[in-house]
Structure formats: structure tokens, C-alpha cells
Amino acid sequence: MKTRLSRLALLSATLFTVAPAVMADQYQTIEKLSLENEQQVIDWRHHFHQFPELSNREFNTAKTIAKELKALGYEVQTGIAHTGVVAVLDSGKPGPVVALRADIDGLPVTESVDLDFASKVTTEFNGEQVGVMHACGHDTHIAMLLGAAKILKEMQGELSGKVKFIFQPAEEGAPAGEEGGAELMVKEGVMKGVDVVFGLHISSDTDVGTIEYKPGGIMAAVDSYRILVKGKQSHGAYPWISVDPIVTSAQIIMGLQTIVSRELSLIDEAAVVTVGKISGGTRSNIIPSEVEIVGTLRSLNTEMRMQIREAVTRKAQTIAASMNAEVEVEVPWGANYPVTYNEPALMEAMLPTIRNSAGAENVKLTKAVTGAEDFSFFQQEVPGLYLFVGGKPKDLPTEQAPGHHTPEFSVDDSGLKTGVEVLLNLTLDYMNMKAK
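Scoring rules and cut-offs
- Residues numbered from 1 in each chain as written.
- Predicted model: local features only at pLDDT ≥ 70, side-chain atom pairs only at ≥ 80, totals over all residues.
- Heavy atoms only, no water.
- Helix = DSSP H or I, 4+ residues; strand = E, 2+ residues; numbered from the N terminus.
- Polar contact = N/O pair within 3.5 Å; in protein donor to acceptor, adjacent residues only side chain to side chain.
- Pairing = 2+ DSSP bridges.
- Axes fitted to C-alpha atoms, helices over the stretch in contact; angles between N-to-C directions.
- Patch = residues over 30% accessible without salt bridge, like charges linked within 9 Å, V, L, I, M, F, W, Y side chains within 5 Å.
- Areas by Shrake-Rupley, 256 points an atom, 1.4 Å probe, with all protein chains shown as cover.
- Salt bridge = Lys/Arg side-chain N within 4 Å of Asp/Glu carboxyl O.
- Buried < 20%, exposed > 50% of the residue type's maximum accessible area, 1.4 Å probe, protein only.

> Where do I start with unusual backbone geometry in this structure?
Most peptide bonds take the trans configuration, and most residues that are not glycine carry a negative phi. Of note in this structure, Ala 81 is not a glycine but carries a positive phi near 50°. Position of Ala 81 among the secondary structure elements: in the loop between strand 1 (76-80) and strand 2 (84-90). One non-glycine residue, Asn 126, lies in positive phi territory at about 55°. As for its position among the elements, Asn 126 is in the loop between strand 4 (122-125) and strand 5 (128-131).

Shown next, in the form of C-alpha cells:
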């Protein structure tokens, strides 16, 4: 794996010094083709929205994606990372390998939006019967990538290099005890030979026609942690003969809050330390022997991530020691996501493309968010860009926009065309730059 520093130097040499040399008629052609294929993309989106499937269970979703790609003339690989689908477009001419990615899984959410194509799917999740919904817009991601695949197939003669279309399962996280998502796709070799990767995410509170970008960390690394506080059990009437893990845990929890407020340089990036669950004890008059604390950590650069992980362990151990308690602290690397990191040199090189695709007035520099994305695993292998595409109707006030991961989530179909266009132009312009 290349280090980030070496990749940055490579990018500066190969991209940053080269201005995009693409004729204006390319953008006009792509706009025309995107408009001609807009209804097909919308139809795809409606189908996938109506029939969502949970992470690592996207069996019919994968079959439909493969069927559509084969109908477009692609040879298709299936079963990657359980239910992933990959297709490659080879121009037959030398050039880079550009990867385009869409995630394909839904969420255990029961839809409340009144749509003709609303999901009525139910399934079992964690032992409960639940509704299933594309409550984060992955249906739009599938449709936009299929649209790009269709149009790039028509433009094959204008390409220099290869395009790899990656339809990735389990972005929302594999079920307990299973591997999945981008990390497993990387393990299975999907990024071998790839030079650059581009991905999009629809945004329900951003106007249609708008693209949001940020160099550097745009979405947070996520680390889960577990702290087991071990004390000495006693009758609740005689606390002085106990080592109270509940009081100790309370002090640890308050100590954890000072990591962000007193140890991190928040003028650089934001960070989050959250306690999501605390459990221990059986009844009111027994001081228990153990308490468990679990939570999540969010950070936007590698240095801050390491600082937070160390501080959680240090705070828990020292506070517990001051209370004569013991602790076990786990901040595992497995099942966590790195920072979704847009290489600044690549971002600067491709920003003219993004502006030409959506119009300069519709391209906005955004702040980072503390949500996480496993697209970051692809970016650990090669330079990549991750962008937000607007899905909010322009006449809807931002404060009324439905939230992601909620039963009310919805986006406007008219936002898909912009996503298709930016995927196409990023692919073609990157190829043109590398051909220089």
C-alpha cells in the first residue's frame, strides 16, 4: 500500500501541474447524453428503491445490477465480498484504470414516505421483523453508476484506459460475525491495478444540481470502544466496603468528555467522543462488581484519531486507579472505518471538472461531517475523491429536509442527472490528464 505522502507526491507530479485539456464539446455531449438517459436512470432508481435488501443480503439487487450490465454489453463478475458486482470497460488504448463506486445496501427502517415506488419489504434483523428501506440513498447511487456505465459504453471510442464499475455491498456494516463492504472487497483484490477512485453520495438537505466537496478529511474515521470497569461488590447500605464500579464509571464518562474539550486542537478538525451505552447492576441495594461502557469515536485526520484512541485508554486507566478499581479497555482496529480523505492535489486537479459539470455557481466547499463511509478503504489503496450530490427540491426549506437513516428520507429524482454527469466528466478528464 502506498503511503499518503508518496501518493501526494505522485499526484503533484502527474496531475497538479496539468490543466484539464478537454474541449467544451465533451461537456455538451455528456450533458446531452445524460438528459437522453435521465428517465432510464430514474426508472432504475425507482426499482431499487422499491425492492431494498440489507447488508450482505443484496442477492436480488446484485442479480438485477448484473442483468442490466450484461444487457449493456459488459462482462460481469459477481459474488465479490458476498454480493458485490464488478464490470470493466476496456477502451483498448493505454491509459489509467478509473474506478467508480456505488454502495447497494438498504437499512432496517420502515418507510413512511407516500411514493408509488415506496418499499413494502420486510425481513428479519437481529431477531426482529423489520421494514427495509433505502433510507440513505443507495438506490440513487446504483442508478447513477448504471447510467454512467451505459453512457461510457456508448463513448468507448473516446476513452483511453479502463473503467472499473464497483457495486459494493454492506456499506452500512456487515451483520454481526460477518465480514463485508469495501474492506472485504479490497481484501479480495478489487483495487488491484486501479489508479484512482471516485464516489458520490446523495444529500437530502442539499439543493438538486449542487455538488459539495472538501479537500482532506470529508467524513470521519469511526472507532468503537469498550471499557469494562471492575470493582468489588457489596450491599448498597455499606458502600465503604465496596469498590464502586458505577461511581468509577461515572467519573470515567466525565473524563472522556474532556478529551475533545481539553486535549484536541479543534481549530484543525472536529472530533466526537460518545458514550452510547452503560450497563451494570441488578437491583437498587446492590453495588455490582462490574460495569460496561461502550461508545464511538469520530475523527477527521489520522493524528487526531491516534490521539483520541490513546486518551480513552489513559483516562479510563488512571481514573479507575484513583478509585481502586481495575479496567479493561478495548479500542479495536477491526470493524472500524478510516477517514474518508480527498487527496488535496487530486481535488485541486479535478475541481475544474466538477465546476464544468454542475456550473461553478453550483459547486460548494463544504465542512466535514462526523458520519463515516467505508469508501475510505478504497482511498487507502489509491487516491480518490468523494463528493456530495444534491437531492433536495429547491423549493423545500433546508430545515424541513428529511434526515438520512429516517423513515421520512426522500430525495428528488432530478438530482440524479448531475451525479451521472460528474461521474462521466471525472472519468474522461482524468484519462485525458494522464494521457498528457
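There is more to say after this.
> Is there a simple way to explain the environment of Thr 206 in this structure?
Summarising the element assignment, Thr 206 is placed in strand 7 (residues 196-207). Within polar-contact distance, the side chain of Thr 206 engages the side chain of Ser 203 at 2.9 Å.

> Honestly, the sheet that holds strand 1 in this entry has me stumped. Any pointers?
Pairing between the strands of a sheet comes from backbone hydrogen bonds, and it takes one of two forms, parallel or antiparallel. On the basis of which strands lie adjacent, the open sheet formed by eight strands has the order 1-2-6-3-7-18-8-17 and mixed pairing. With partners counted over all chains shown, the strands left at the sheet margins are strand 1 and strand 17 (363-365), one partner each. Put simply, the sheet's adjacent strands are angled 25° from each other on average, direction ignored. Pairing analysis gives three bridges linking strand 8 (residues 211-213) to strand 17, with the strands arranged parallel. Among the inter-strand pairings, Ile 211 is bridged to a residue of strand 17, identified as Val 363.

> Looking at this structure, I do not really get a nonpolar patch on the surface. What am I missing?
Among the surface-exposed residues, Tyr 238, Trp 240 and Ile 241 lie close enough to one another that they form a single nonpolar patch of about 390 Å² accessible area. Position of Ile 241 among the secondary structure elements: in the loop between strand 11 (234-235) and helix 7 (245-263). The exposure class assigned to Ile 241 is partly exposed, which follows from its relative accessible area of 46%.

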